Amino acid sequence: MKLTAPLSACLLFVLLHSCQLVPEVGSTAFIQQHTQQIDKHRLLMADQTPEDWLSYGKNYAEDRFSELTDINKENIEQLGLVWSLNVGTKRGIEATPLVVNGILYLSLPWSKVVAVDVRKGETIWEFDPKVPKAYGEKACCDVVNRGVAIYEGKVFLGTLNGKLIALDAATGSISWEQQTVDTTKAYTITGAPRVVNGKVIIGNGGAEYGVRGYITAYDAHSGEQQWRFYTVPGDPAKGFESPAMEAAAKSWDGEWWKYGGGGTAWDAMAYDPALNLLYVGTGNGSPWNRDYRSPKGGDNLYVSSILAINPDNGELIWYYQTTPGDTWDYTATQHLMLADLTIEGQVRQVIMQAPKNGFFYVLDRTDGSLISAEPYIYLNWAQKVDLTTGRPIETDFSRYQDVNAVIFPGPGGGHNWQPMAFNRTHNLVYIPTHHIAHQYGNDPNWVYDTTALIWNLGTGMDPRLPIRQDTTPPLMEGRLIAWDPAEQKEKWRVVHQDIWNSGVLATAADLVFQGSGDGFFYAFDAKTGENLWKQDLKTGIIGSPISYMVDDVQYITIAVGWGGIGGFHTKSTETINPGTLYTFALGGKASMPEYPVSSPPKTLIELAVSGSAESIANGQVLYGIYCQRCHGMAGMGGGIFPDLAYSNPGVYQNFEDYVLKGLLLHNGMPVFEGRLDGQQVEDIKQFVLSSVEVLRNSQ
């Protein structure tokens, strides 16, 4: 049939118009189109689009379970590197990436964000909020960030200096930003925001420095604050913000508000859309030691608790406190996970958590009632959890008013921020655990101080008192364990060389992926724990892996960068390479990136000690207050921060300028001018040199 000219022109117009509706893959229009589709419905139905990874825990249940099965036990040996991308940092990468139709979003140290085209392994845009480097001192546990959120064309980021920023997902430009914290206090944000019912939910950290925790909801489109829920009560004389705060105040004593109170919600959240409940985990009290913040005792609500909140108005619906009267830094900010479990023949809607205190909790998520709680690691502070009262039954090891006690677990917890994963087929939870103790005591010299930006813990060795040791402590190690939450028992374990390891991914193909502190990326059999595949990535891994599909190809991606609190002083690989994004697929044949070896000096500094005994003793005290948290004790070996025992002579020649003048502020080294004077800096230097001399003489 011959077309007439008008018909030909019409057909041409239709064809051209249709082409305009299909933007080029990876283009700004393409990204806008696909990220705009991430709305309330898509987030609710996240498991129906397993080709994407739409939120921090993959879905509202936060179970980190991928339904993809193209990569399985039969072909796992064919898994190879497709591409790698140097993201330009040597600090800790704790983030879980998000992926929308092949566009990946990753947050980095110093709250930077990068968007990457997975199809090419190339950067699309980068965003730097330019966090003032002085904020590095306010971050208890490295300048990390655990992730972003996506909703209707925007990427939401919480920054280290307490901002919530909405970025255009296609360009990285700022749509709006809100300062969520009082910048005169040592608040920080390291956790990933969550989006619920069109609201962006964000918490904060800083309990070590004396702040009061809270959670805030902002309108995703305008950035306007919708509600705020404080996690601990403030000064009763100023009135209470809610009935929940009035009730909580009855569980405190003294003038706790002067110390902040703590209870910061710095990580864990989950959401049940059917119940319309937002679950939030809260942190330790401030200071750690209850004897100082609440002298006559008390549970100190709502520290170390799981809160169920109405996300529409911020009203507290129920709570469960995992560690009443916490005095050990046993936060409940660890990963929260929702599931429906058959327990004693009955299907229960549960929320699960393995908080720092060493017990694995299964609660009814409708009302917070305790179903079960059993130790998932060795612990000595409590015998068990009373299923009637829901409270732990403490041992003689628990409190330390009149003794220095070695307590399991320590403040690192049996499980920290590294996310668990849940295999829905086998009903197994895979937990990255730590097994390490800590010596607690009442610090007789403790004085509350927020001006110096030092940790206000109130715990420490009292030399006048004896040390109470555990007679049968277990090995100090890191493990990946498979835990049956219905039976409350361990099914298998993998012991790692390093204590500090990565978060976990489970897949429907019965695979479990995890990275280790000594640089290996593993795939384990979900049912047995057998190691099926591994790749040496040359740098300690703490970030969490994800799986997704692009153009019918299943990928596994993990961001690698050694750091976090576990990387301050130690490393288990020869070098700490630049942070790198690694992406794997079946048949991948890309070569591993080659980074130059830049190992720090391995010989002890040889400089004479010239300070008096008094000067060295004073330097020891000051070093413990201002330096040890980052640099560790001389001779420990160094992690992301240099071990001063192995520094070159030039460091000591310019020691005062580094400490007082901020010559290394661009790296996050604090400026101590105004807090220390020249003589005090000299005392610190003489203490370090005297420590090196002791090391040298012992070799």
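Residues numbered from 1 in each chain as written. Predicted model: local features only at pLDDT ≥ 70, side-chain atom pairs only at ≥ 80, totals over all residues. Heavy atoms only, no water.

A. Molecular detail of helix 2 (residues 28-36). Along helix 2, the residues classified as buried are Phe-30, Ile-31, His-34 and Thr-35. Buried residues in helix 2, looked at end-on, bunch into an arc of 110°, giving them a common side. Among the structural elements, strand 3 (98-100), strand 4 (103-107) and strand 6 (122-127) are those in contact with the buried residues of helix 2. (Buried < 20%, exposed > 50% of the residue type's maximum accessible area, 1.4 Å probe, protein only. Helix = DSSP H or I, 4+ residues; strand = E, 2+ residues; numbered from the N terminus. Arc of directions from axis to C-beta. Contact = heavy atoms within 4.5 Å.)

B. Representation of the state of the cysteines within the structure. What the rule picks out here adds up to one disulfide. With a sulfur-sulfur separation of 2.2 Å, Cys-140 is cross-linked through a disulfide to Cys-141. Across the disulfide from Cys-140 to Cys-141, rotation about the S-S bond amounts to roughly -95°, and the bridge is consequently left-handed. Cys-627 takes part in no disulfide bond, and the closest cysteine sulfur to it belongs to Cys-630, at a distance of 8.9 Å. (Disulfide = S-S within 2.5 Å.)

C. Examining empty space enclosed by the protein more closely. On inspection of all chains with the given rule, the structure shows four cavities of 30 Å³ or more. Taken as a whole, the largest cavity holds about 150 Å³ of empty space. Sorting the residues of the lining of the largest cavity by element identifies strand 7 (149-151), strand 11 (194-196) and strand 16 (269-272) as the ones contributing at least two each. The class makeup of the residues in the lining of the largest cavity is 13 nonpolar, two polar and three charged. (1 Å grid on protein atoms, 1.4 Å probe; cavity = no way out; pocket = protein on both sides within 12 Å on 5 of 7 lines; lining within 4 Å. Points joined across faces, edges and corners; volume = space filled by probe spheres on them. Nonpolar A, V, L, I, M, F, W, Y, C, P; charged D, E, K, R; others polar.)

D. Region of interest: the sheet that holds strand 29 (residues 428-435). Read from one edge of the open sheet, four strands run 28-29-32-33, paired in antiparallel fashion. Edge strands, defined here as strands with exactly one partner in the open sheet, are strand 28 (421-423) and strand 33 (489-496). Geometrically, the sheet is characterised by an average inter-axis angle of 25° between neighbouring strands, direction not taken into account. Alignment of strand 32 (residues 477-484) against strand 33, held across seven bridges, turns out to be antiparallel. The partner of Ala-482 across the bridge, within strand 33, is Trp-492. (Pairing = 2+ DSSP bridges. Axes fitted to C-alpha atoms, helices over the stretch in contact; angles between N-to-C directions.)

E. Up close: the nonpolar core. Counting 92 residues, the largest nonpolar core has Tyr-105, Phe-156, Ile-215, Phe-229, Phe-513, Phe-521 and Phe-584 as the members making the most contacts within it. If one sorts the elements of this core by residue count, strand 39 (residues 553-560) sits on top with five residues. Excluding residues that lie within four positions of it along the chain, Tyr-105 makes contacts with Ile-31, Thr-35, Pro-97, Leu-98, Val-114, Ala-115, Trp-125, Val-148, Ile-150, Val-155 and Ala-169. (Core = buried A, V, L, I, M, F, W, Y, C linked by side-chain atoms within 4.5 Å.)

F. Structural detail: the packing of aromatic side chains. The final tally for this structure, using the stated rule, is 35 aromatic pairs. Aromatic side chains Trp-256 and Trp-257 sit 4.9 Å apart centroid to centroid with 85° between the ring planes, which places their arrangement in the edge-to-face category. Looking at Trp-256, the relative accessible area reads 4%, which means it is buried. Ring centres of Phe-360 and Trp-483 lie 6.0 Å apart, and the angle between their planes is 35°; on these two criteria the pair is classed as tilted. (Phe/Tyr/Trp six-rings, centres within 6.5 Å; stacked < 30°, edge-to-face > 60°.)

G. Molecular detail of the layout of surface pockets. Counted as a void, the second largest pocket has a volume near 520 Å³. Around the second largest pocket, the lining comprises 25 residues; the ones closest to its centre are Lys-185, Tyr-187, Gly-210, Arg-212 and Trp-257. Partitioning the lining of the second largest pocket into residue classes produces 10 nonpolar, six polar and nine charged.

H. Main features of the sheet that holds strand 24 (residues 370-375). Pairing within the open sheet is antiparallel, and its four strands lie in the order 21-22-23-24. Edge strands, defined here as strands with exactly one partner in the open sheet, are strand 21 (336-343) and strand 24. Strand after strand, the sheet turns through a mean of 25° between neighbouring axes, direction not considered. Two elements, strand 21 and strand 22 (residues 346-353), share eight bridges in a ladder whose sense is antiparallel. Residue Leu-338 lies in a different strand from strand 22, and its bridge partner there is Ile-351.

I. Examining the packing of helix 6 (residues 613-626) against helix 10 (residues 678-698) more closely. In the contact formed by helix 6 and helix 10, the axes pass within 7 Å of each other and the chain directions differ by 95°. Our classification of the angle between helix 6 and helix 10 gives roughly perpendicular. Residues Ser-615, Ile-616, Asn-618, Gly-619, Gln-620, Leu-622 and Tyr-623 of helix 6 pack against Gln-679, Gln-680, Asp-683, Ile-684, Gln-686, Phe-687, Val-688 and Ser-690 of helix 10. Residue composition of the contact of helix 6 with helix 10, grouped by class: six nonpolar, eight polar and one charged. (Parallel < 35°, antiparallel > 145°, perpendicular 65-115°, else oblique.)

J. How the structure looks around the pattern of salt bridges. What the rule picks out here adds up to 30 salt bridges. Residues Arg-119 and Asp-551 are paired through a salt bridge, measuring 3.0 Å at the closest nitrogen-oxygen approach. Of this pair, Arg-119 sits in the loop between strand 5 (113-117) and strand 6 while Asp-551 sits in the loop between strand 38 (546-550) and strand 39, and the two are 432 residues apart along the sequence. Among the residues examined, Asp-551 registers a relative accessible area of 55% and is labelled exposed. Note that Glu-394 is salt-bridged to Arg-399, the shortest N-O span being 2.8 Å. On the accessibility criterion, Arg-399 (18% relative accessible area) is buried. Through salt bridges with shared partners, a single network forms among Asp-47, Lys-58, Asp-63, Glu-67 and Arg-424. (Salt bridge = Lys/Arg side-chain N within 4 Å of Asp/Glu carboxyl O.)

Remember that the coordinates give geometry; whether it matters functionally is a separate question.
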